Amino acid sequence: MVVGVVFLLVGIGGFIPGVTTNYDQLSFAGHHSSALLLGLFAVSILHNLVHLLFGVAGLAMARTARGARTFLIGGGVIYLVLWLYGLVIDHDSAANFVPVNTADNWLHLVLGIGMIGLGVATGGLAATRHTSRGA
């Protein structure tokens, strides 16, 4: 649930001038958006909407341990794919439609590893709780 809330806050932050620098240059999509969340991470309206949807999905899936684990591991895999995508595309091309920059790429790597790690850890915690209840 915490990860979902963080994604919601990031998505909202992308629409707040001051939290997002160059807010007047925020475009719907594409590498032409010069807006930077926290002055560092490239964002667009589409990018912010993706964060909001990811947050909503995280909150919805956090209702059950299995859902939370699926969200964390599945979301982590998605972020690792985004990290690879960000590495191979030309950031000044139409392929950079989300958009991403180098800071985003590093964040996607950390998010991917962190989310998968949390998902694996929560699976271990759920198994431990289940085993201790049955004993």
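Preceding block: the structure.
Residues numbered from 1 in each chain as written. Predicted model: local features only at pLDDT ≥ 70, side-chain atom pairs only at ≥ 80, totals over all residues. Heavy atoms only, no water.

1. Topic: the packing of helix α1 (residues 2-13) against helix α3 (residues 65-88)
Logical step 1: At a minimum axis distance of 11 Å, the contact between α1 and α3 shows a crossing angle of 45°. Overall, the two elements α1 and α3 adopt an arrangement that is oblique. Counted together, Val-3, Gly-4 and Phe-7 of α1 and Phe-71, Leu-72 and Tyr-79 of α3 form the full contact between these two elements.
Logical step 2: Class assignment for the residues of the contact of α1 with α3 results in five nonpolar, one polar and no charged. (Axes fitted to C-alpha atoms, helices over the stretch in contact; angles between N-to-C directions. Helix = DSSP H or I, 4+ residues; strand = E, 2+ residues; numbered from the N terminus. Parallel < 35°, antiparallel > 145°, perpendicular 65-115°, else oblique. Contact = heavy atoms within 4.5 Å. Nonpolar A, V, L, I, M, F, W, Y, C, P; charged D, E, K, R; others polar.)

2. Notes on the environment of Ser-34
Logical step 1: Inspection of the secondary structure assignment puts Ser-34 in the loop between β1 (20-21) and β2 (36-37).
Logical step 2: Distance in space between the C-alpha atoms of Ser-34 and Ala-57 is 27 Å, their sequence separation being 23 residues.

3. Description of helix α2 (residues 45-61)
Logical step 1: Over its 17 residues, α2 extends 24 Å from the first C-alpha to the last, a length consistent with the 24 Å expected when each residue adds 1.5 Å.
Logical step 2: Among the residues of α2, His-47, Asn-48, His-51, Phe-54, Gly-55 and Gly-58 are the ones counted as buried. The buried residues of α2 occupy an angular sector of 120° when projected down its axis, which confines them to one face. (Expected span 1.5 Å × (residues − 1). Buried < 20%, exposed > 50% of the residue type's maximum accessible area, 1.4 Å probe, protein only. Arc of directions from axis to C-beta.)

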